[in-house]
Amino acid sequence: MVYVLAFLHLIFCIALVGLILLHSGKGGGLSASLGGGVGGPFSGTTIMEKNLTRLTLVVLGLFVLTNVALVFLG
């Protein structure tokens, strides 16, 4: 059980790093090169950015859950 949680924790960790790197900073980030920067600079956040934020929060929640589970089981 601990090994499965550790493996899932590793997967969520790698996914979280990748998702955070996709977020746009001041320069547009990697998401702009994938089509996220279609709107102008004054159009607010795009749909891709909103969905990327939601996905990042879900992966973050799963990462925290596996972290807490590993603390209690390990």
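Residue positions within a chain follow its written sequence, with the count starting from 1. Only residues with pLDDT of 70 or above have their local features reported here, since the model is predicted, and side-chain atom pairs are shown and tallied only from 80 upward, although totals for entire chains, interfaces and linings are computed over all residues. Side-chain measures were taken over the full set of non-hydrogen atoms in the model, leaving aside hydrogen atoms and water.

Some words on the overall build of the protein chain
Step number 1: Strands here are runs of E lasting at least two residues and helices are runs of H or I lasting at least four, both read from the DSSP assignment and numbered beginning at the N terminus. A count of helical and extended segments in the protein chain gives three helices and zero strands.
Step number 2: Ordered by position in the sequence, the α and β elements of the protein chain form the string α-α-α.
Step number 3: The cut-offs for exposure are 20% and 50% of the maximum accessible area for each residue type, with area from a 1.4 Å probe on protein chains only; residues under the lower value are buried, those over the upper are exposed, and the others partly exposed. By residue count, 22% of the 74 residues in the protein chain fall in the buried class.
Step number 4: Note on contacts: a residue pair is in contact if any heavy atoms of the two residues lie within 4.5 Å. Long-range pairs, those at least 24 residues apart, make up 69% of the contacts in the protein chain between residues at least 6 apart in sequence.
Step number 5: Per-residue and other accessible areas were derived by the Shrake-Rupley procedure at a 1.4 Å probe size, with only the shown protein chains allowed to occlude residues. Counting every atom, the protein chain has about 5,400 Å² of accessible surface; 77% of that belongs to carbon and sulfur.

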